[in-house]
Amino acid sequence: MRLWPEEYEELRPEAREMIGSLLGAMSDDAFGAGDMPADASVEEKVARSRAALANFFTPVPEAEVREIAGVSCRVFVPEGPATAVYLHFHGGGMITGAPEMNDVGNLALSRHHGLAVVSVDYRLAPEHPWPAGPDDGVAVAAWLLEHAEAEFGSGRLILGGESAGGYMAAAVALRIRDELDAIDRVIGLELVFGVHDWGRSPSQRGLRPHRGPDLLEPSGIEFFCDLYLPGRTDDERRDPAISPAFADLTGMPPARFSVGTGDHLCDDTLFMASRYVAAGSPAELWVGPDLPHGFMWFPCELTKRWQSHMSDWFHSRLA
């Protein structure tokens, strides 16, 4: 069994060099507490995490800020009727981040594929722990199921996101199936290095396939787990209502999973994708050797291959 084509082997040295050079210029552990003093308060650590990730925001003027079902969203609308609506969720460990992180990518998806893109500014912990974020996502999804056809020209949905956004997309899709009885309206899930096991998978605890540099560290992961799911043990965090990897995955739409072997969330994707297919739900898996969390920020031939695979997948779903 191979997780990537043989041709990727010759691309690994370039990827490693690019990752090493760019990660050294980035803030350490942008999603966690970083090198804050041990006696720093939770509020100080959260503020630092939010300030660090804000460096990656790339807002564009084409985005329209709208309130949908009481939730602020950034919306991109194509010329003419939409081919589908891409319901997008940003990353940030459920404690930080904003839709502006993905404006450039979401604008490109809208233009290239004719999608209407709705990126949700869902509530964050610690002010709003679970289930506030997924509740916001379900509320927006329910509104789109009722109004998207008239509003954008298509009632078909694709859900997707990166990191915590990948988790949000999976969690909301499961609730569309179980609570809204409308999973037939979802034509695909784009799940990019998602957090699918909130009980902390082996790679989250540091046992990665490739131990190169990464944006995430086990201490940072534990930090946002504790804020998003306070007072719960690891086993309790694996409740199927919380961790999608432990849910019933039958009857789900085609999904594309992608992750790098240097990512501390690598196992979440490998485990979730395997269970997804075993449950009879169709899926594609893209694995990038040596690539870290947030690998699309590291331009190299391997990430170009990921981009091409993603574009082909969107074409196939929209066809």
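Residues numbered from 1 in each chain as written. Predicted model: local features only at pLDDT ≥ 70, side-chain atom pairs only at ≥ 80, totals over all residues. Heavy atoms only, no water.

Looking at this structure, I do not really get helix α5 (residues 164–178). What am I missing?
Counting along an α-helix, one turn takes 3.6 residues, and residues three or four places apart therefore face a common direction. With 15 residues, α5 should cover 21 Å at 1.5 Å per step; its first-to-last C-alpha distance of 21 Å lies within 8% of that length. With 13 of 15 residues buried, α5 lies mostly within the body of the structure. (Helix = DSSP H or I, 4+ residues; strand = E, 2+ residues; numbered from the N terminus. Expected span 1.5 Å × (residues − 1). Buried < 20%, exposed > 50% of the residue type's maximum accessible area, 1.4 Å probe, protein only.)

Would you mind showing me how to read the nonpolar core here?
One broad rule of soluble globular proteins: the nonpolar side chains tend to lie buried together. Ranked by size, the top nonpolar core spans 62 residues in total, and within it Val118, Leu159 and Trp198 carry the most contacts. The element contributing the most residues to this core is α5, with 10 residues. The residues contacting tryptophan 198, other than those within four sequence positions of it, are Gly93, Met94, Tyr167, Phe224, Cys225, Tyr228, Leu229, Arg237, Ile242 and Ser243. Core analysis: the second largest hydrophobic core is formed by 34 residues, Tyr86, Trp306, Phe314 and Leu318 among them. (Core = buried A, V, L, I, M, F, W, Y, C linked by side-chain atoms within 4.5 Å. Contact = heavy atoms within 4.5 Å.)

I tried to follow the side chain of arginine 74 on my own but got confused; where do I start?
Looking at the element boundaries, arginine 74 is found in strand β2 (residues 71–76). A polar side-chain atom of arginine 74 sits 2.5 Å from a polar atom in the side chain of aspartate 103. Among all residues touching arginine 74, those that are not within four sequence positions of it are Pro59, Val60, Ala63, Glu64, Val65, Pro99, Glu100, Asp103, Val117, Val118 and Ser119. (Polar contact = N/O pair within 3.5 Å; in protein donor to acceptor, adjacent residues only side chain to side chain.)

Would you mind going over the pairing of strand β3 (residues 85–89) with me for this structure?
Successive residues of a regular strand alternate their side chains across the two faces of the sheet. For β3, the buried fraction is high: five of the five residues fall into the buried class. Residue alternation in β3 divides its side chains into two sets, Val85, Leu87 and Phe89 and Tyr86 and His88, and both sets are buried. Note that β3 and strand β4 (residues 116–120) share five bridges and pair parallel. Across the sheet, phenylalanine 89 pairs through a bridge with valine 120, a residue of β4. Handedness of the crossover joining β3 and β4 through helix α3 (residues 103–113): right-handed. (Pairing = 2+ DSSP bridges. Right-handed = clockwise from strand over helix to strand, strands pointing away.)

I would appreciate a short explanation of the pairing of strand β7 (residues 255–260) in the present structure.
Most of β7 sits out of view: six of its six residues are buried. By the bridge criterion, four bridges tie strand β6 (residues 186–192) to β7 in an arrangement that is parallel. For leucine 189, the partnering residue across the bridge sits in β7 and is alanine 255. At this point the chain moves from β7, through helix α8 (residues 266–278), to the parallel strand β8 (residues 283–288), and the crossover so formed is right-handed.

Explanation requested: the sheet that holds β3 in the structure shown.
The mixed open sheet is built from eight strands, whose spatial order is β1-β2-β4-β3-β5-β6-β7-β8. Every other strand in the sheet has two partners, leaving β1 (64–68) and β8 as the edge strands with one partner each. The average undirected angle you get between the axes of adjacent strands in this sheet is 20°. Contacting β3, β5 (157–162) and β6, α5 crosses the sheet at an angle of about 150° to β5. (Axes fitted to C-alpha atoms, helices over the stretch in contact; angles between N-to-C directions.)

Can you help me understand the pattern of salt bridges in this one?
For the structure shown, the criterion picks out 23 salt bridges. Glutamate 64 serves as the salt-bridge partner of arginine 66, at 4.0 Å between the closest nitrogen and oxygen. Its relative accessible area of 18% is what places arginine 66 among the buried residues. The salt bridge involving arginine 74 is made with aspartate 103; its shortest N-O contact spans 2.5 Å. (Salt bridge = Lys/Arg side-chain N within 4 Å of Asp/Glu carboxyl O.)

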